Amino acid sequence: MITRALVVGGASGIGLSIATLLASREECLRVYIVDRAEVPEEAANPKFVYHKFDLMSEDFSLFDSFEDVDAVMITAGFGRLALFESVSEEHITSSMTVNATAAMRIIRHFYHRLNSANPFRLGVMVSIAGYLSSPFFAVYGASKAALRYFIESLNVELEKGGAVNRILNVSPGSIKGTSFGGGATYLAQTEALAQEIIAHLEAGNDLFIPQYEEVFKEVLERYHEDFREEGRRSYEYKLKSGRVK
């Protein structure tokens, strides 16, 4: 049972949806939200406690102040659909910092809670892009691949060390209704996925790929059979999707 939660990146998108659902539960007393942006007025909740924070910061000591939480969900991240030749060096460094390094640093601050015999829930929004080549998303995919392998490695360390806890890797494809890439947040469109994520988090699972059987099982099989051809397929798919500006 989650009584106090921390949602990093909880001011918008799937993070706000998760925070809102947790706050709607009677047993959940408080939901801390850490984000660079503020929670929209229309989504305000008396159980929300907001902390403004930029994941590009050098000082992460803020995360030592949440000792009362029994669950952490890291949803912050961003990406830009573009060819690598159009991407700046600043975008490369900020992508790797926000999408990968920041999550690792946050987990470090809660590792003593994970590496114990007491239940503690921690989940991270990764991406299916961390499992295969993703043209137009090369930097984003690289940051998510780093995060994926980090989580997988840490979960083995936790298991071998005798800890009961595991880090949940949530790796979806494109999610409708989020503010990813600068769009608007529509909580009605993300509620079902947020419910699933919370269920996997509470169950102590280590991996959740939404629509795995319906979509991604076949995609991953094709990728492992011929990663070059699947990369070409992905390139053409993104061009035809209309998402490439």
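Everything numeric here is computed off the predicted structure, so don't read it as measured data.

K.L.:
How would you sum up the overall build of the chain? Please name residues and give values.
P.N.:
Helix and strand counts for the chain come out as six helices and seven strands. Relative to the compact-globule value of 18 Å for 245 residues, the chain shows a C-alpha radius of gyration of 18 Å, a close match. Counting only C-alpha atoms and orienting by the principal axes, one finds that the chain spans roughly 50 × 45 × 35 Å. Here the chain holds 245 residues, and the buried ones make up 47% of them.

K.L.:
Which residues make up the pattern of salt bridges, and what values go with them?
P.N.:
In this structure the tally under the stated criterion is eight salt bridges. Here Asp68 ties to Arg30 by a salt bridge, and the two come within 3.5 Å at their closest N and O atoms. Taken together, the positions of Asp68 in the loop between β3 (48-52) and β4 (71-74) and Arg30 in strand β2 (residues 30-35) put the pair 38 residues apart, joining distant regions of the chain. You can call Arg30 partly exposed: its relative accessible area is 29%. In this structure, Glu152 and Arg148 form a salt bridge, with 2.9 Å as the shortest nitrogen-oxygen distance. Residue Glu152 and its partner Arg148 are both found in helix α3 (residues 138-160); the two are separated by four residues, about one turn of the helix. In this structure Glu152 comes out as partly exposed when scored by relative accessible area, which is 33%. According to the relative accessible area criterion, Arg148 is buried, its value standing at 14%.

K.L.:
With reference to specific residues and values, describe the sheet that holds strand β5 (residues 121-125).
P.N.:
Sheets are built from strands paired through backbone hydrogen bonds, the pairs being either parallel or antiparallel. Ordered in space as β3-β2-β1-β4-β5-β6-β7, the seven strands form an open sheet in which the pairing is parallel. In the strand order of this sheet, the two ends are held by β3 and β7 (207-208), each with one partner. Across the sheet, α3 touches β5 and β6 (167-170), and the angle it forms with β6 is around 150°.

K.L.:
Pulling in residues and values, what's your account of empty space enclosed by the protein?
P.N.:
To locate leftover empty space, one rolls a probe as large as a water molecule over the atoms. Taken as a whole and assessed by the stated rule, the structure comprises two cavities of 30 Å³ or more. Considered as a void within the structure, the largest cavity measures approximately 60 Å³ in volume. Looking at the largest cavity, the residues that line it are Gly79, Arg80, Ala82, Phe84, Val87, His91, Phe136, Phe137, Ala138, Val139 and Tyr140. When residues in the lining of the largest cavity are grouped by element, the largest group, three residues, is from α3.

K.L.:
How would you sum up the nonpolar core? Please name residues and give values.
P.N.:
General note: in soluble globular proteins, nonpolar side chains tend to be found buried as a group. Grouped together as the largest cluster of nonpolar side chains are 31 residues, with contacts concentrated most on Leu6, Leu55, Phe63, Phe110, Leu122, Val124 and Ile167. Top contributing element to this core by residue count: helix α2 (residues 89-114), with eight residues. Once you skip the residues sitting within four places of it in the chain, Phe63 turns out to touch Leu6, Val8, Val34, Phe53, Ile106, His109 and Phe110. In terms of nonpolar packing, the next biggest core, distinct from the first, is built from 29 residues, Ile2, Cys28, Met73 and Leu168 among them.

K.L.:
Hey, could you go over the environment of Ala129 for me, with residue numbers and the actual values?
P.N.:
Locating Ala129 in the fold gives a position in the loop between β5 and α3. Along the primary structure Ala129 and Gly173 are separated by 44 residues, whereas in three dimensions their C-alpha atoms are 7.4 Å apart. Excluding residues that lie within four positions of it along the chain, Ala129 makes contacts with Ser134, Tyr140 and Gly141.

K.L.:
Could you give an account of helix α4 (residues 187-203), with specific residues and numbers?
P.N.:
Between its first and last C-alpha atoms α4 spans 23 Å; for 17 residues at 1.5 Å apiece the expected length is 24 Å, and the two agree. If you look at α4, its biggest bend is around 30°, right at Leu193. Of all the residues in α4, the buried ones are Thr190, Leu193, Ala194, Ile197, Ile198 and Leu201. Backbone geometry just after α4 places Gly204 at a positive phi near 75°.

K.L.:
Account for the pairing of β2, with residues named and values stated.
P.N.:
The buried fraction of β2 amounts to five of the six residues, a majority that puts the element mostly inside the structure. Here five bridges tie strand β1 (residues 4-8) to β2, and the two strands are oriented parallel to one another. Pairing of Leu6 across the sheet is with Tyr32, part of β2. Following the chain from β1 across helix α1 (residues 13-23) to the adjacent parallel β2, one finds a crossover that is right-handed.

K.L.:
Hey, could you go over the packing of helix α5 (residues 212-225) against helix α6 (residues 227-241) for me, with residue numbers and the actual values?
P.N.:
Viewed as axis vectors pointing N to C, α5 and α6 meet at an angle of 130°, and their least axial separation amounts to 5 Å. The orientation of α5 with respect to α6, classified from their angle, is oblique. Contacts from Val219, Arg222, Tyr223 and Glu225 in α5 reach Phe227, Glu230 and Arg233 in α6. In terms of residue class, the contact of α5 with α6 is made up of three nonpolar, no polar and four charged.

Conventions we followed
- Residues numbered from 1 in each chain as written.
- Predicted model: local features only at pLDDT ≥ 70, side-chain atom pairs only at ≥ 80, totals over all residues.
- Heavy atoms only, no water.
- Helix = DSSP H or I, 4+ residues; strand = E, 2+ residues; numbered from the N terminus.
- Rg over C-alpha atoms; globule rule 2.2 N^0.38 Å.
- Buried < 20%, exposed > 50% of the residue type's maximum accessible area, 1.4 Å probe, protein only.
- Salt bridge = Lys/Arg side-chain N within 4 Å of Asp/Glu carboxyl O.
- Pairing = 2+ DSSP bridges.
- Contact = heavy atoms within 4.5 Å.
- Axes fitted to C-alpha atoms, helices over the stretch in contact; angles between N-to-C directions.
- 1 Å grid on protein atoms, 1.4 Å probe; cavity = no way out; pocket = protein on both sides within 12 Å on 5 of 7 lines; lining within 4 Å.
- Points joined across faces, edges and corners; volume = space filled by probe spheres on them.
- Core = buried A, V, L, I, M, F, W, Y, C linked by side-chain atoms within 4.5 Å.
- Expected span 1.5 Å × (residues − 1).
- Bend = angle between axes of the 7 residues up to and from the residue.
- Right-handed = clockwise from strand over helix to strand, strands pointing away.
- Parallel < 35°, antiparallel > 145°, perpendicular 65-115°, else oblique.
- Nonpolar A, V, L, I, M, F, W, Y, C, P; charged D, E, K, R; others polar.

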